[in-house]
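Chains, contacts and geometry: an overview
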Amino acid sequence: MYIVLGLGNPGREYQNTRHNVGFMTLDLLADRYDINICRQNFRSVFGEGRIGGQRVVLAKPDTYMNNSGWAARDLINWYKCENSELIVIYDDIDIPIGTLRIREGGSSGTHNGMRSIIYQLGFDDFPRVRVGIGQPGGQRNLVSHVLGAPEGEERDLLLGAMNNAADAVELIVRGEIKEAQARFNKKPKKEKKKPEKEETVSETAVSEHDAAKEVKEEKHE
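Everything in this summary refers to the structure shown in the same document. (Residues numbered from 1 in each chain as written. Predicted model: local features only at pLDDT ≥ 70, side-chain atom pairs only at ≥ 80, totals over all residues. Heavy atoms only, no water.)

A closer look at helix H2 (residues 68-79)
- An ideal rise of 1.5 Å per residue puts 16 Å on 12 residues; H2 measures up with 17 Å between its terminal C-alpha atoms.
- Burial analysis of H2 places 10 of its 12 residues in the buried class, which makes it a mostly covered element.
- For H2, the complete set of buried residues consists of Ser68, Gly69, Trp70, Ala71, Ala72, Arg73, Asp74, Leu75, Ile76 and Tyr79.
- Summarising the contacts, the buried residues of H2 are in contact with strand E1 (2-6), strand E3 (44-51), strand E4 (54-61), strand E5 (86-92) and helix H3 (112-121).
- Phi for Lys80, located one or two positions after H2, is positive at around 55°. (Helix = DSSP H or I, 4+ residues; strand = E, 2+ residues; numbered from the N terminus. Expected span 1.5 Å × (residues − 1). Buried < 20%, exposed > 50% of the residue type's maximum accessible area, 1.4 Å probe, protein only. Contact = heavy atoms within 4.5 Å.)

Let's talk about the sheet that holds E5
- As summarised here, the arrangement of the seven strands in space is E2-E3-E4-E1-E5-E7-E6, forming an open sheet in which the pairing is mixed. A strand with exactly one partner marks an edge of an open sheet, and here the two such strands are strand E2 (39-41) and strand E6 (100-103). Neighbour-to-neighbour, the strand axes of this sheet turn through a mean angle of 25°, independent of strand direction.
- Bridging between E1 and E4 involves four bridges; their strand directions are parallel. Paired with Val4 across the two strands is Leu58, which belongs to E4.
- In the packing of helix H1 (residues 21-33) onto the sheet, contacts are made with E1, E3, E4, E5 and strand E7 (128-132), and the angle to E4 comes to roughly 145°. (Pairing = 2+ DSSP bridges. Axes fitted to C-alpha atoms, helices over the stretch in contact; angles between N-to-C directions.)

This is how it looks when you write it as structure tokens:
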């Protein structure tokens, strides 16, 4: 069986933000396969069903982003799935908006939620689907960018990417991760150089905001 973990922050104020593309992609999968994500346990809201004949659990951690690993660990301990049967979907500021990167394993990069998952599980050889949200433009800072809701063309690009991410998860569950990579790991066209150098940001600035919002305390290790 597979655990498909979509990352995000719980709460209505975060519902349609860039940081919650993992939650929103999970909703797309739930709609496609009539899976009701409403049960509460394992520090998550989750539902069980089938995709491509495989039993799956679709889960949204309710720990806030920085402590997503608590939920991942509880789910793995209960369902006893193999490392390769955990699929994580999350936003990534380091790839252009509307693009995907699918990997079979590796480091967390700059993502706090992934950092928590790898730390709590003690391994990183599990598939992940990264949905590009791009870097903030103009004078907008990182926190405002990731915790803001996209509009117009950007929203359309992100919706397309989330649908592609759901397609990729379906392929992975069917044992076709190589096909998912071949189909969706496409390099974006090179952009023309901008006259002014834009400062590159990391997700570190988000951690303080997420930490302030974390209201749940770990009750067991």
